[in-house]
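Descriptive structure summary
Spelled out from the first residue to the last, the chains are:
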Amino acid sequence: MNKEPRKVAVLGSTGSIGVSTLKVLRDYPDDFQAVALAAYGNIEALKEQTEEFSPSGIYLADEEKYYFFRNEYQHERCQLFSGSEGMEEMLASCRPDIVVVATVGFTGVKPVLWSIKNRIPVALANKEVLVVAGDLVRRLQEQYQTPLYPVDSEHSAIFQCLQGEREHLRKILLTASGGPFHKKPRENMENAGVQEVLNHPTWDMGKKITVDSATMINKGFEVIEAHYLFDLPPSRIQVVVHPQSVVHSMVELVDNTVLAHLSPTDMYYPVLYALAYPRRLEVPHKEPLDFFQLPQLTFSKPDPKSFPCLQFAYDCLEKKRGYPVAFNAANEVAVASFLEEKITFLQIAELIEQILEAFSPVDVSEFDIICKIDEEVRKKTSSLIKAL
Ligand code: MG
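Residues numbered from 1 in each chain as written. Predicted model: local features only at pLDDT ≥ 70, side-chain atom pairs only at ≥ 80, totals over all residues. Heavy atoms only, no water.

Listed as protein donors to the magnesium ion are D152 (OD), E154 (OE) and E222 (OE); their distances from the metal cover 2.1 to 2.2 Å. All donor residues of the magnesium ion come from one chain, and their arrangement in sequence is D-x1-E-x67-E. (Donors = N, O, S within 2.8 Å, 3.2 Å for Na, K, Ca; no water.)

Written as C-alpha cells, this is what we have:
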C-alpha cells in the first residue's frame with residue numbers, strides 16, 4: 001500500500017515525550033513525518049531536530065531565544081513562530097494530520113482547543129489540559145467530532161484494554177509507581193532536596209512531572225484525566241500502587257474480568273500506539289518484556305496521609321466549578337518554587353491546600369474564565385510563597 005506519511009506536529013519537541021515522539025518518527029519514516037516542532041527555549045536541541053526532520057514550521061515560546069534563533073539560524077524552507085498565538089499560527093500554516101501535545105502545564109490548553117476546533121486529531125500527553133479544561137474539551141470534542149488519543153502511559157494502557165470492551169467497563173484500576181517516597185518514613189519527605197525528589201525509581205521524565213510523581217499529584221491529575229477520557233465517575237477510578245511500573249493500568253469489566261496492559265517502561269510505546277491508531281506497528285529493534293527477568297510485581301493501597309494531593313484531586317473532581325483549575329495553578333507555581341529551592345517539598349501540598357480552602361467556585365464553561373482563574377490563583381500562590 002502506497003500511502004503518504006501521516007503529518008505530525010510535535011508540541012514540546014525537546015521535552016521527554018517530545019524526544020520519544022521523534023524517536024518513533026525516526027523509526028517509521030514511511031508512516032510519519034514531522035511537519036511542525038514547538039519548544040520552550042532549548043534552541044540547541046531544536047536546532048538539531050530541525051536539521052534532522054526538516055519541519056516546515058518551528059515555534060519557540062521564549063521570545064528572546066526566538067530572536068536569537070531567527071538571526072543565527074536562517075532556514076529557507078522553515079517558517080519560525082513565537083508569541084501567544086504562535087503555536088496555533090504554526091499549526092494553521094503546517095496543517096498536520098495529528099498534533100502531539102507534549103507541552104507542560106497550562107500551555108497545552110490553547111493548541112488542544114484549536115486542534116479540536118479544526119478537526120485535527122490530538123495525541124495528548126499534557127494531562128493538565130484535561131485537568132483545567134476537561135469539560136470544555138469534551139464539549140468541543142463532541143461538537144467537532146475530533147478524536148483525542150491518550151499518550152500518558154496509564155491512559156494508553158486503559159485505552160488499549162478497552163478496545164472492543166468499552167460497554168463492559170465497570171472500573172478503572174489506575175496504577176501508580178508511588179514515586180521516590182513510597183513506604184519511606186516521613187522524615188525523608190521533610191528533608192527532601194530537589195535532587196532526591198528528581199530521582200524517580202522507574203520512569204525517566206521531565207522535572208515538573210517527576211516532582212508531581214513524588215507528591216502523587218500526578219496520579220491525582222491522572223484520575224481527573226481518566227474521568228474525562230473514559231467518562232467514568234471518580235468513584236469508579238481506583239488508584240493502585242504498583243512500584244515496578246510493569247502493569248501500566250487495568251480495567252475491571254462487568255463480569256469481574258480484569259484486563260491489564262503490560263509493556264517495557266518506555267514512553268516510546270504509548271506514543272507509537274497513539275500515532276498509529278487503529279493500527280499496531282511492529283517494533284523489531286526493542287527488547288520485549290522478559291518475564292523471567294521481571295521483579296516481583298506488587299500492588300497496594302496509596303497512603304492518604306503521606307500523599308494528601310491524591311485526595312485533593314478527587315475532591316476537586318467532585319466539586320469541579322474551577323477547583324481543578326485552581327488545583328493545577330497552585331501546583332505549577334509551587335513546583336516551580338520548589339525547583340528553585342524557595343519552598344520545601346512538603347510546602348507544595350500545604351500551599352495547594354490553602355488555595356483550595358479559600359477558593360470560591362465559579363462556572364468554567366468558557367476558556368477566558370479558566371484563564372482568569374489560572375492567573376489569579378498563580379498570583380495568590382506566589383504571594384503566599386513570598387509571605388512564608
Ligand atoms: Mg502517567
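Tallying each qualifying case throughout the model produces 20 salt bridges. Between R378 and E332 there is a salt bridge, with its nearest N and O atoms 3.0 Å apart. Taken together, the residues span a long stretch of sequence, with R378 in helix α16 (residues 367-387) and E332 in helix α14 (residues 323-339) at a distance of 46 residues. Here E375 ties to K379 by a salt bridge, and the two come within 3.7 Å at their closest N and O atoms. On the criterion of helical spacing, the pair formed by E375 and K379 is a turn pair, its members being four residues apart in helix α16. In this structure E375 comes out as partly exposed when scored by relative accessible area, which is 46%. Counted as one network, the salt bridges with shared partners bring together K127, D152, E154, K219 and E222. (Salt bridge = Lys/Arg side-chain N within 4 Å of Asp/Glu carboxyl O. Helix = DSSP H or I, 4+ residues; strand = E, 2+ residues; numbered from the N terminus. Buried < 20%, exposed > 50% of the residue type's maximum accessible area, 1.4 Å probe, protein only.)

Take the sheet that holds strand β4 (residues 79-81) next. Where strands meet in a sheet, backbone hydrogen bonds hold them as pairs that are either parallel or antiparallel. With parallel pairing, seven strands are arranged side by side in an open sheet as β4-β3-β2-β1-β5-β6-β7. Looking at strand neighbours, the two that pair on one side only are β4 and β7 (148-150), the edges of this open sheet. Neighbour-to-neighbour, the strand axes of the sheet open up by a mean angle of 20°, direction not taken into account. Pairing geometry for strand β3 (residues 57-60) and β4, over three bridges, is parallel. Bridging across to β4, G57 finds its partner in Q79. (Pairing = 2+ DSSP bridges. Axes fitted to C-alpha atoms, helices over the stretch in contact; angles between N-to-C directions.)

A few words now on the packing of helix α6 (residues 128-144) against α14. Between α6 and α14, whose axes approach to 8 Å, the crossing angle comes to 150°. When the interaxial angle is binned, α6 and α14 end up roughly antiparallel. Here the hand of the crossing between α6 and α14 comes out left-handed. Listed contacts from α14 to E128, V131 and V132 of α6 are P324, V325, N328 and E332. A breakdown of the residues in the contact of α6 with α14 according to their chemical character gives four nonpolar, one polar and two charged. (Parallel < 35°, antiparallel > 145°, perpendicular 65-115°, else oblique. Left-handed = near helix turned anticlockwise from the far one by under 90°. Contact = heavy atoms within 4.5 Å. Nonpolar A, V, L, I, M, F, W, Y, C, P; charged D, E, K, R; others polar.)

The strand order β9-β8-β10-β11 describes an open sheet built from four strands, whose pairing is mixed. Here the strands that pair on one side only, and so sit at the sheet edges, are β9 (237-241) and β11 (258-262). Pairwise comparison of adjacent strand axes, ignoring direction, gives a mean angle of 20° for this sheet. Here strand β8 (residues 169-176) pairs with β9 via five bridges, running parallel. Across the sheet, the residue bridging to I172 is I237, located in β9. Relative to strand β10 (residues 247-253), helix α7 (residues 153-161) is tilted by about 40°, and along the sheet it contacts β8, β10 and β11.

The subject of this paragraph is a nonpolar patch on the surface. On the surface, L262, F291 and F292 cluster together to form a nonpolar patch covering roughly 380 Å² of accessible area. Note that L262 resides in strand β11. Look at L262 and you get partly exposed, because its relative accessible area is 31%. (Patch = residues over 30% accessible without salt bridge, like charges linked within 9 Å, V, L, I, M, F, W, Y side chains within 5 Å. Areas by Shrake-Rupley, 256 points an atom, 1.4 Å probe, with all protein chains shown as cover.)

With 14 residues, helix α11 (residues 217-230) extends 20 Å from end C-alpha to end C-alpha; this agrees with the ideal 20 Å at 1.5 Å per step. Of all 14 residues making up α11, 13 are buried, and the element is well covered by its neighbours. One or two residues past the end of α11 sits D231, with phi positive at roughly 60°. (Expected span 1.5 Å × (residues − 1).)

For the rest of this paragraph, the subject is unusual backbone geometry. Glycine aside, residues mostly have negative phi angles, and peptide bonds mostly take the trans form. Look at the link from Y277 to P278: it is a cis peptide, with omega at 5°. Note on placement: P278 falls in the loop between α12 (268-276) and α13 (308-319). Within the chain, D231 stands out as a residue other than glycine whose phi angle is a positive 60°. As for its position among the elements, D231 is in the loop between α11 and β9. Judged by its relative accessible area of 53%, D231 is exposed. The phi dihedral of S249 falls on the positive side, at around 155°, and the residue is not glycine. Take S249: its relative accessible area is 0%, and that puts it in the buried class.

A word on the state of the cysteines. According to the stated counting rule, one finds zero disulfides in the structure shown. With no disulfide partner, C78 has as its closest neighbouring cysteine sulfur the one in C94, 7.7 Å distant. Here C371 stays free of any disulfide, with the sulfur of C316 as its closest cysteine sulfur at 18 Å. (Disulfide = S-S within 2.5 Å.)

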